[in-house]
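Residue-level structure breakdown
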Amino acid sequence: MSGMVENCPKISQLFFENLSDNHFLKAPITINISLNAVLALTATLGNGMIIVAILRSQNLQTPSYLLITSLAFTDLLIGLVFHPLLSILNSYYLQGKVHEVCRMTKPVIFFGVLVGYGSMLMVTCISIDRYLALTLRHRYNVIVTKKRVCLSIVFAWSSVFLLAILNMPEELFDIVFVAESFILLVLFSITCVFYIKSFRALHLYTVQVQAQQPNPLAGNFDIVKYKKTLKTMLVVLVQRYSKYLCTNVEKSPSSITSPS
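For clarity, every value in this text was computed on a predicted model and none was experimentally measured.

Along the protein chain, the regular secondary structure elements total 9 helices and 0 strands. Put simply, the protein chain runs from its N terminus to its C terminus through helices and strands in the order α-α-α-α-α-α-α-α-α. For the protein chain, buried positions account for 45% of its 260 residues. Residue pairs in contact within the protein chain that sit at least 24 positions apart in sequence constitute 76% of those at least 6 positions apart.

Given below as structure tokens:
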């Protein structure tokens, strides 16, 4: 098997080395296979229904919901492609099928980067969109148009596709991995900054409204609803980044988890 492993990509060799040196990894990998099978079903059904609901409702054809649709599409790809690939790859590891593992490693990395960073970019775009919706208010619909949001989504997907392609050459893998970690840090920082600015702007706006009218629901801008939206997106942010950071901590089958 050692001769076959040497012909594998560098990351595959690391996987097999970890698996052969530590038999305790086999139980977590088995659990990982089962979890990915379940998550594949829930991610596909859940996000599929979200996309259909948004596309069928004219009231939801807004720039904000376009970003949410793109995020849901990313999660749909995770359920349809990434989770099944992980289950198959990990099952090959358990069976010691070196050739199959070598053949599937790069596709798993490609789709992992594609959907992972696609998800992070969409979360960042949504954080910027929420801040603009709060600060621009009546000018929001004029400045943030569907055309501009669509162009932003196309640019985001083109960027992550290029990033995923750059992971394919063996000689670029280490450099690209460092670059990806830096990009992840930048996206996380931008997202946090805009959510902090959104909460601060919302607090200032709440103080101004309450000085004029005690009931925050009496105005045209629903402060309570917007605050709940920000808190929900903050939970989504923590959930996605915590799982995706775990994926990048160690390149071993036991640490391959989904970013969804």
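Let us keep going from here.
Turning our attention to the packing of aromatic side chains. Using the criterion set out here, one finds 4 aromatic pairs in the structure. Ring centres of F110 and F111 lie 5.4 Å apart, and the angle between their planes is 85°; on these two criteria the pair is classed as edge-to-face. Under the relative-accessibility criterion, F110 is labelled buried at 15%. You can call F111 partly exposed: its relative accessible area is 27%. Taking 5.8 Å as the distance between ring centres and 90° as the angle between the ring planes, the aromatic pair formed by F110 and F161 counts as edge-to-face. Taken together, the positions of F110 in helix α5 (residues 98–136) and F161 in helix α7 (residues 146–166) put the pair 51 residues apart, joining distant regions of the chain. A residue is classified by how much of its surface remains accessible, and F161, at 44% relative accessible area, is partly exposed.

Between helix α3 (residues 26–56) and helix α4 (residues 63–95), the least distance of the axes is 8 Å, while the angle of their chain directions is 155°. The orientation of α3 relative to α4 falls into the category roughly antiparallel. Handedness of the α3/α4 crossing: left-handed. Grouping the amino acids of the contact of α3 with α4 by side-chain chemistry returns 18 nonpolar, 12 polar and 2 charged.

Mapped onto this numbering, the UniProt entry annotates "transmembrane region" (unreviewed entry) at residues 29–53, 65–88, 108–128, 149–169 and 175–196. Across residues 29–53 one finds 100% helix and 0% strand; the C-alpha atoms that close the span lie 35 Å apart. Within residues 175–196, the helical portion is 100% and the strand portion 0%, while the C-alpha atoms at the span's ends are 32 Å from each other.

Let us look at the confidence of the model for the protein chain. Should the pLDDT be low somewhere, the predicted coordinates at that spot are not to be read in detail. Mean pLDDT for the protein chain: 79, with 72% of residues reaching 70 or above. When pLDDT is averaged over each element of the protein chain, α7 comes out on top at 94 and helix α1 (residues 2–6) at the bottom at 53. Taken together, the stretch residues 248–260 has pLDDT below 50 and engages in 45 contacts with residues farther than four places along the chain or on a different chain.

Mapped onto the elements of the fold, N167 is located in the loop between α7 and α8 (173–212). Taking the relative accessible area as the measure of exposure, N167 reaches 4% and is therefore buried. For N167, the side chain forms a polar contact with the side chain of E180, separated by 2.5 Å. Setting aside chain neighbours within four positions, we find N167 in contact with I109, V113, F173, V176 and E180.

What follows covers the pattern of salt bridges. Tallying each qualifying case throughout the model produces 1 salt bridge. In this structure, D129 engages R130 in a salt bridge whose closest nitrogen and oxygen atoms are separated by 2.8 Å. By relative accessible area, which is 4% here, D129 ends up buried. Of the residues examined, R130 reaches a relative accessible area of 15% and is grouped as buried.

Moving on, we come to the environment of Y65. Of note, Y65 is situated in helix α4. We classify Y65 as partly exposed; its relative accessible area is 31%. Here the alpha-carbon distance between Y65 and I54, two residues 11 residues apart in the chain, equals 7.3 Å. Apart from residues lying up to four places away in sequence, Y65 is in contact with I54 and L60.

Calculation rules
Residues numbered from 1 in each chain as written. Predicted model: local features only at pLDDT ≥ 70, side-chain atom pairs only at ≥ 80, totals over all residues. Heavy atoms only, no water. Helix = DSSP H or I, 4+ residues; strand = E, 2+ residues; numbered from the N terminus. Buried < 20%, exposed > 50% of the residue type's maximum accessible area, 1.4 Å probe, protein only. Contact = heavy atoms within 4.5 Å. Phe/Tyr/Trp six-rings, centres within 6.5 Å; stacked < 30°, edge-to-face > 60°. Axes fitted to C-alpha atoms, helices over the stretch in contact; angles between N-to-C directions. Parallel < 35°, antiparallel > 145°, perpendicular 65-115°, else oblique. Left-handed = near helix turned anticlockwise from the far one by under 90°. Nonpolar A, V, L, I, M, F, W, Y, C, P; charged D, E, K, R; others polar. UniProt positions renumbered as here; feature names shortened; annotations may be inferred. pLDDT = per-residue confidence, 0-100. Polar contact = N/O pair within 3.5 Å; in protein donor to acceptor, adjacent residues only side chain to side chain. Salt bridge = Lys/Arg side-chain N within 4 Å of Asp/Glu carboxyl O.

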